[in-house]
Amino acid sequence: MAIEKEKLVWMYRTMVRHREFEERVAKGFAKGKIPGFVHLSQGQEATAAGPMAALRKDDYITSYHRGHGHLIAKGGRPDLMMAELYGKATGIMKGKGGSMHLTDPDVGDLGADGILATQVLTATGAALSAKYRGTDQVAVCFIGDGCINAGSFHEGLNMAAAWKLPLVCICENNIWGESTSIYDSTNLTKLTDRAVGYGIPGVAVDGTDPIAVYEVVAEAVARARKGEGPTFIEAKTCRWRGHFEGDSQSYRTEKELDECKKRDPIPRFRKKLIEMGVLTEKEADKIRQEAAEEMDKAVKFAEESPFPGPEELLTDVYA
Amino acid sequence: MKEITYLKAINEAVDEEMARDPTVFIMGEDVRVWGAPLGELKGLFEKYGPKRILDTPISERAIIGAAIGAAATGLRPITHIMFAEFLGVCMSEILNILCKLRYMTGGKVKLPVTIMSPSGAGISAAGEHSSCLDGLLMSIVGLKIVVPSTPYDAKGLLKSAIRDDNPVICLYHKSLLVGGLKGEVPEEEYTIPLGKGDIKREGSDVTVVATLLMVHRALAAAEKLQEKGISMEVIDPRTLAPLDKQTIIDSVRKTGRLVIMDEEPKIGSSAAEILAVVGEEAFDLLKAPMKRVCAPNTPVPFSPALEKIWMPDEEDLIKAVNEIV
């Protein structure tokens, strides 16, 4: 599948923006400026940018606690997102949701849940809604590998398959469900075997290769738009940092972590794009520099924004 | 006015809202051919067809979860949970997502989801198909709770529930549904605002707060007590959230006495909350200790002989009233 140059550059820029955003989140958390739980996705940038390159603006996504990159790639504003992480009044959710729950329906992100596999159900409902309203929108749910063992995963994929809903389920398999290996929590060796049980296609892909991810997602999206039902995609990826910031990762060996870091999708994609003649070194540097400046501004905006006042406490709840 | 059954009132409310708004649709188990096992949705499938009446897999989590996604993208789902206890199966979706998302997104996501579910004892359906979970559900912030006792209330409140832009659960009583309770409703369209209680009977000596089936038992007890010269006022809150505190407190101001009759075990019940509200906000108005007439602290028993004594009845209420009047 030939991908137009603009799309390749967009994917690269999106991955770099995702990385630059999260590096600043790590620093903000370490300095005590970002409260609560923070889950970073360094190493997983290709599974956010790749799928989003295959989606339209009016398509829907749902995400989970490791979801900063999904919203950036879907079009979320990093300044408002950063302010949300800081718990500020200018945050995208007025400081009432935080890192784990970044949601922006204006760009089609219906929410990140820390209750795992719930995002499969919300996306199933959005897919049902698209079909009901007679649009050809598609809903994509992002989940981690641990989610495939939760009941909602089964209920959602079964319902979406039974009703041939335009759903694509992307499992970012970084092997680790918090501190537990996926291979200790299921008897499967191929996670895509789960798809067989729902009578839908299951496809595995190198989740650190954005072009490969884009290609399988684009095919699944095309299938969904044609009314042929859901697809389950296992994107094999890598998580460098702990489950949460502050996790010492005592459950991992240094060797495994080193192997994981060698799969860093960003330098590999940069090299590939330069080899393909899509980008020059200089252009790639410029993308990095622009992303760094954008995210510095986001941090500045978040730091300079006020905290919500007590008048905000009782709004947005009706019973 | 016309006389219809409680079941028909529920059916008409859904029918009228589906006719009025094409974004309203139903998801539930066995809602097509049966119109739900107790029949309250019967005829709607024939009228609205498979697009708008969805028979789901036995997947309560997916029913509520998919309703959340559909509501967030412009639809107005009505979900049917076959029996109130099955809410336990999908409680995470209700507790963690449905009732929190609007707040957690700073108001960005509205979720106009209605949950319909038959609750209550009296038909020997045993412990997993007979409970009232009102108190448990009242503790969920963000969930409006409708508990209609008459055809008039059922129709008017359910229509308001479906039009509401927030999650509303409508718990209607199986004994009233199966028992064929009849009552008058207007010929013309009407709605009843959520959060407004109703004085089902005026009286001056004692206030009894009751919902659902207990309203009817309280009214029967009131007749008997009237013969003995005791005047009972019966307040039906009609919605437990929002709770119309003012109507209850105004009644207590008049009578100075309060008995709450509730088809739940006492601990954590809706009766516990109402008692706390009056104790906190209107203690000075009381001439006697408040009383609760509730069910024993056990699951609902199966045998009709046991179920009958498990459910609070007129005699239990009369006894409690006599202790304080």
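Only a predicted model underlies this, so the values are computations on that prediction, with no experimental measurement involved.

(A) The arrangement of the overall build of chain A in detail. Summing up its helical and strand segments, chain A has 12 helices and eight strands in all. Seen through its principal axes, chain A has C-alpha atoms that stretch 60 × 50 × 40 Å. Counting over 319 residues, chain A shows a buried share of 55%. Relative to all contacts within chain A whose residues are 6 or more apart in sequence, the contacts with residues 24 or more apart total 76%.

(B) Molecular detail of helix α11 (residues 270-281) of chain B. Between the first and last C-alpha of α11 of chain B there are 16 Å, a value that for 12 residues agrees with the 16 Å anticipated at 1.5 Å per step. Where α11 of chain B is buried, its residues contact α6 (134-138), β10 (206-210), β12 (239-241), α10 (245-255), β13 (258-265) and β14 (291-295) of chain B.

(C) View of the packing of helix α4 (residues 78-85) of chain A against helix α12 (residues 281-304) of chain A. All names here are of chain A. Packing of α4 against α12 leaves a shortest axis separation of 8 Å and a crossing angle of 45°. With respect to α12, the element α4 is oriented oblique. Note that α4 runs across α12; the crossing there is right-handed. In this structure, α4 contributes Pro78, Asp79, Met82 and Ala83 to the contact, and α12 contributes Glu294, Met295, Lys297, Ala298, Val299, Phe301 and Ala302.

(D) How the structure looks around the environment of threonine 231 of chain A. Residue and element names in this part refer to chain A. Tracing the chain through its elements places threonine 231 in strand β8 (residues 231-236). For threonine 231, a count of 26 C-beta atoms within 10 Å puts it in the buried group. Each C-alpha atom, one on threonine 231 and one on histidine 18, is 26 Å from the other, the two residues being 213 residues apart in sequence. Here threonine 231 is in contact with Val168, Ile200, Pro201, Val203, Ala220 and Arg223, once residues within four sequence places are set aside.

(E) Main features of unusual backbone geometry. Residue and element names in this part refer to chain B. Each neighbour pair has its own omega, and for alanine 241 with proline 242 the value is -5°, a cis peptide bond. With respect to the helices, strands and loops of the structure, proline 242 is situated in the loop between β12 and α10. With a phi angle near 50°, leucine 212 is a residue other than glycine that sits in the positive phi range. Of note, leucine 212 is situated in helix α9 (residues 212-227).

(F) Molecular detail of the sheet that holds β12 of chain B. Residue and element names in this part refer to chain B. Here seven strands make up an open sheet; going across it, the order is β3-β2-β4-β5-β7-β6-β12 and the pairing mixed. Both edges of this open sheet fall to β3 (53-55) and β12, since each of them pairs with a single strand only. On average, each strand axis in the sheet is tilted by 20° relative to the strand beside it, whichever way the strands run. Direction of pairing for strand β2 (residues 24-28) relative to strand β4 (residues 76-80): parallel, over a ladder of five bridges. In the strand pairing of β4, valine 24 is matched with arginine 76.

(G) Local environment of the sheet that holds strand β11 (residues 232-236) of chain B. Residues and elements named next belong to chain B. An order of β9-β11-β10-β13-β14 is seen for the five strands of this open sheet, with the pairing classed as mixed. Of all the strands in the sheet, the pair left with one neighbour each is β9 (198-201) and β14. For this sheet the average axis-to-axis angle between neighbouring strands, irrespective of direction, equals 25°. Bridge analysis of β9 against β11 gives three bridges, and the strand direction is antiparallel. Across the sheet, residue aspartate 198 finds its bridge partner in β11, namely aspartate 236. Across the sheet, α11 lies against β10, β13 and β14, angled at about 155° from β13, the strand it touches most. The sheet strands contacting helix α13 (residues 314-324) are β10, β11, β13 and β14, and the helix crosses β14 at an angle near 165°.

(H) How the structure looks around the nonpolar core. Ranked by size, the top nonpolar core spans 204 residues in total, and within it Val168, Cys169 and Ile233 of chain A together with Val146 of chain B carry the most contacts. Three or more residues apiece are contributed to this core by two domains, here domain 1 (2-185) and domain 2 (198-324) of chain B. Setting aside anything within four residues of it in sequence, one finds cysteine 169 of chain A in contact with Val120, Cys141, Ile143, Leu157, Pro230, Phe232 and Ile233 of chain A.

(I) Spotlight on the interface of chain A and chain B. Contacts between the two partners involve 35 residues from chain A, matched on the other side by 37 residues from chain B. Within the residue set of the side of chain A that touches chain B, elements represented by two or more residues are β2 (109-113), α5 (118-133) and α6 (151-162) of chain A. Counting residues per element, the side of chain A that touches chain B draws most heavily on α5 of chain A, which supplies 11 residues. By residue class, the composition of the side of chain A that touches chain B is 15 nonpolar, 14 polar and six charged.

(J) Spotlight on the packing of α5 of chain A against α6 of chain A. Residues and elements named next belong to chain A. Across the interface, α5 lies against α6 with an axial gap of 7 Å and an inter-helix angle of 20°. Considered as vectors, α5 and α6 are oriented roughly parallel to each other. Seen along the crossing, α5 lies across α6 with a hand that is left-handed. Facing Thr118, Val120, Leu121, Thr124 and Ala127 of α5, the residues of α6 in contact are Ser152, Phe153, Glu155, Gly156, Leu157, Met159 and Ala160. Here the residues of the contact of α5 with α6 are counted per class, giving seven nonpolar, four polar and one charged.

The rules behind each value
- Residue numbers run consecutively from 1 along every chain, following the written order of its sequence.
- Naming scheme: in the order in which they are written, chains are lettered from A and ligands are numbered from 1.
- Reporting of local features is limited, given that this is a predicted model, to residues whose pLDDT is at least 70; pairs of side-chain atoms are given and counted only at 80 or more, and all residues count toward the totals for whole chains, interfaces and linings.
- Per the convention used, a helix needs a DSSP run of H or I reaching at least four residues, while a strand needs a run of E reaching at least two, with both numbered from the N terminus.
- As a rule, residues whose C-beta atom has 12 or fewer other C-beta atoms within 10 Å are exposed, those with 20 or more are buried, and those in between are partly exposed; C-beta atoms are placed from the backbone.
- What counts as a contact here is a pair of residues whose C-beta atoms, placed from the backbone, lie within 7 Å.
- For a helix, the expected span equals 1.5 Å multiplied by the number of residues minus one.
- Here, axes are lines fitted to C-alpha atoms. For helices the fit covers the stretch in contact, and angles between N-to-C directions go from 0 to 180 degrees.
- Orientation categories follow fixed angle ranges, with anything under 35 degrees roughly parallel, anything over 145 roughly antiparallel, 65 to 115 roughly perpendicular, and all other angles oblique.
- Should the near helix be turned anticlockwise from the far one by less than a right angle, the crossing is termed left-handed; should it be turned clockwise, right-handed.
- Strands were regarded as paired on the criterion that DSSP finds at least two bridges between them.
- Nonpolar core, as used here: buried Ala, Val, Leu, Ile, Met, Phe, Trp, Tyr and Cys residues forming one set through C-beta atoms within 7 Å.
- Residue ranges for the domains trace back to a domain assignment, done automatically or taken from a database.
- Three classes are used, and their members are as follows: Ala, Val, Leu, Ile, Met, Phe, Trp, Tyr, Cys and Pro are nonpolar, Asp, Glu, Lys and Arg are charged, and the others, Gly among them, are polar.

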